[in-house]
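So you can see what is in the structure, the chains are spelled out below.
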Amino acid sequence: MDLHLHRADYLQVGVTSQKTMKLLPAARHGATQKVVVGDHDGVVLCFGMKKGEAVAVFKTLPGQKVARLELGGLLNMPQEKIFIAAGSEIRGFTKRGKQFLSFETNLTESIKAMHISGSDLFLSASYIYNHYCDCKDQHYYLSGDKINDVICLPAERVPRVTPVLACQDRLLRVLQGSDVVYEIEVPGPPTVLALHNGNGGDSGEDLVFGTSDGKLGLVQITASKPIHKWEIRNEKKRGGILCVDSFDIVGDGVKDVLVGRDDGTVEVYSFDSANEPVLRFDQVLSESVTSIQGGCVGKDGYDEIVLSTYSGWVTGLTTEPVHRESGPGEELKLNQEMQSKISSLRSELEHLQYKVLQEREKDQQASQSSKARSAAPSFSINDKFTLNTDDASYSLILEVQTAIDNVLIQSDVPIDLLDVDKNSAVVSFSSCDSESSDNFLLATYRCQANTTRLELKIRSIEGQYGTLQAYVTPRIHPKTCQVRQYLIRPLSLHQRSHCIDHDRPMNTLTLTGQFSFAEVHSWVVFCLPEVPEKPPAGECVTFHFQNTFLDTQLESTYRKGEGVFKSDNISTISILKDVLSKEATKKKINLNISYEINEGSVKHTLELIHPKLEYQLLLAKKVQLIDALKELQVHEGNTNFLIPEYRCILEEADQLQEEYKKQPAHLERLYG
């Protein structure tokens, strides 16, 4: 059963954050719903559709940027009250736009995530979680890593108040009061949580999570332990998940899971008879999807998926057919509707062009006057720099609220730029003199018209560290540019893991000296990715890491005055020794360094590298043979005379060349 949805753009607000658009409950079954959305200008807009036009119900004045928007109300009643989080304040509005609540939480950081259930309010800033009941402080928790989202199991179905935090260190933390009951490992840093079916599923304890590396899963949060139900790996290498909702868009009586990703992909998963998720629909938009909801907005009786995107578009993917079956009278009416719509759009366009001309003239006059101060127009950039586990490369995603003109990439460390299929930008490289200018890479990406999102892939070399800079210039007048910096860390290809194989032969590096816990933590942050910037609570901490390129492991344990690092790769220990002693010297701290080298670790690491090396050598050899084999094939007219191995190479020629092209310098890396 195929699902056909047609796109309809409703209106554009300012730049939006994750989870800042909701649909208000319908007055009756099948009736159209109002949409409420908050943006970075601090404006909350509620609108409905009338005769194909967006009509505002209310619009607030600008203020601090809206970080979250949730609906609330009495338990078991329609959730019609609108709550927004802006800065450290919570504001509440009725569905008519009247403000009834202004609650200053006194948090030192801005609110990042919010969940509302009856009179309970669950908030999190970067590391701090707070629970309020009727605006009175109830519980508090300081997390070991950044909190990306917060949710609570439905109070009307689960007797205990059970908040769940999605934390950057690949854990869901289940709380009771101010304490963690247990932690759940998930396959990537979780970015979004949602109640399955909107109500926690059959048990009321089912929770859907999405991760920043694009994985989706369902876990049941029982009182004592988690039960993992299903998980969808990101086989197609799509973007990270920003928003999830449950809604029956397929129309089979079972709610489907709607997913919005940061590469603009919208997906619908429905469930088969065994309750396993099956992909039913996907569509790619040109910018990241920040919020997703199922409902009915455009026309009575036609269900749709409503989305908000990064640059503020509110868009519907509707089940309403584009071409309606119609008799002769109906056709005439449709034509008249179409004509009036076209003429109103034309007049709106002329009005906008006139306005642009006026503003441009004003701008020129202002810039020519003697008192003019040149003010560069500000623009918002949404960027993400993450390590991909599968191919040990980094993805740099740059998204701008307006069309990008060009992006200049500069690096003071040797890195490779890899091909990205989705990329339509034209890249040109400039030669660098690394001896005199510290430049190892200078590349310019010239974007096509209307490109607002650019994805780049790079691969770094462990042990060589520095800064990668992106200079982003959008197509706005006057020309302006923003610079973003990304650290390439000494052990850049390591990622956090929760377990380690203690049977491996380990090399140990031990540091002792007059350094504080905060100082040694700052050195570890400098060396390794995915370590929280704030020192964790407690006197001693242990982190585990996995090398995504070679599958070797690292365990770091440190406290005030002592640090112990164990790895089965001697290179990792050597890099750590160099960098940590350099950092300590900068602070004029005297370090005592000792190490225990395990001879068996060299053989063990070589055994890990060998199959990879063999595979890459064979791939290179096969690619070299392709041209000669093709010539033979043309000469002989067929391939029957070739041995099966060579025939196989010819059949897979395209895939082999594609794979070889995607992994430049892979062999050199392994030799290194």
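Before reading on, note that the structure itself is shown above.
About the cut-offs
- Residues numbered from 1 in each chain as written.
- Predicted model: local features only at pLDDT ≥ 70, side-chain atom pairs only at ≥ 80, totals over all residues.
- Heavy atoms only, no water.
- Salt bridge = Lys/Arg side-chain N within 4 Å of Asp/Glu carboxyl O.
- Pairing = 2+ DSSP bridges.
- Helix = DSSP H or I, 4+ residues; strand = E, 2+ residues; numbered from the N terminus.
- Axes fitted to C-alpha atoms, helices over the stretch in contact; angles between N-to-C directions.
- Buried < 20%, exposed > 50% of the residue type's maximum accessible area, 1.4 Å probe, protein only.
- Polar contact = N/O pair within 3.5 Å; in protein donor to acceptor, adjacent residues only side chain to side chain.
- Contact = heavy atoms within 4.5 Å.

Draft legend 1. Main features of the pattern of salt bridges. Per the counting criterion, the structure on display carries 34 salt bridges. Between Lys215 and Asp213 there is a salt bridge, with its nearest N and O atoms 3.0 Å apart. Taken together, the shared-partner salt bridges in this structure form one network comprising Asp145, Asp169, Arg173, Glu183 and Arg496.

Draft legend 2. Structural context of the sheet that holds strand β13 (residues 136–142). The strand order across the open sheet formed by 4 strands is β10-β11-β12-β13, and the pairing between neighbours is antiparallel. Unpaired on one side and paired on the other, β10 (113–117) and β13 mark the two borders of the sheet. Strand-to-strand, the axes of this sheet are offset by a mean angle of 15°, without reference to chain direction. Of the strand pairs in this sheet, strand β11 (residues 120–124) and strand β12 (residues 128–133) are connected by 5 bridges, and their pairing is antiparallel. For Phe122, the partnering residue across the bridge sits in β12 and is His131.

Draft legend 3. Molecular detail of the environment of Ile342. With respect to the helices and strands, Ile342 occurs in helix α1 (residues 328–368). Take Ile342: its relative accessible area is 36%, and that puts it in the partly exposed class. Residues Ile342 and Phe565, 223 residues apart in the sequence, show an inter-C-alpha distance of 68 Å.

Draft legend 4. Seen up close, the side chain of Thr548. If you trace the backbone, Thr548 turns up in the loop between β40 (540–547) and β41 (553–559). In terms of polar contacts, Thr548 uses its side chain to reach the backbone carbonyl oxygen of Leu493, at 2.8 Å. What Thr548 contacts, discounting residues up to four positions off in sequence, is Leu387, Thr389, Ala392, Leu493 and Gln495.

Draft legend 5. The arrangement of the side chain of Gln553 in detail. As for its placement among the helices and strands, Gln553 is situated in strand β41. Take Gln553: its relative accessible area is 6%, and that puts it in the buried class. There is a polar contact of 3.0 Å between the side chain of Gln553 and the backbone nitrogen of Asp501. If we ignore the near neighbours within four places in the chain, the residues touching Gln553 are Ile500, Asp501, Arg504, Phe545, Gln546, Lys566, Ser567 and Asp568.

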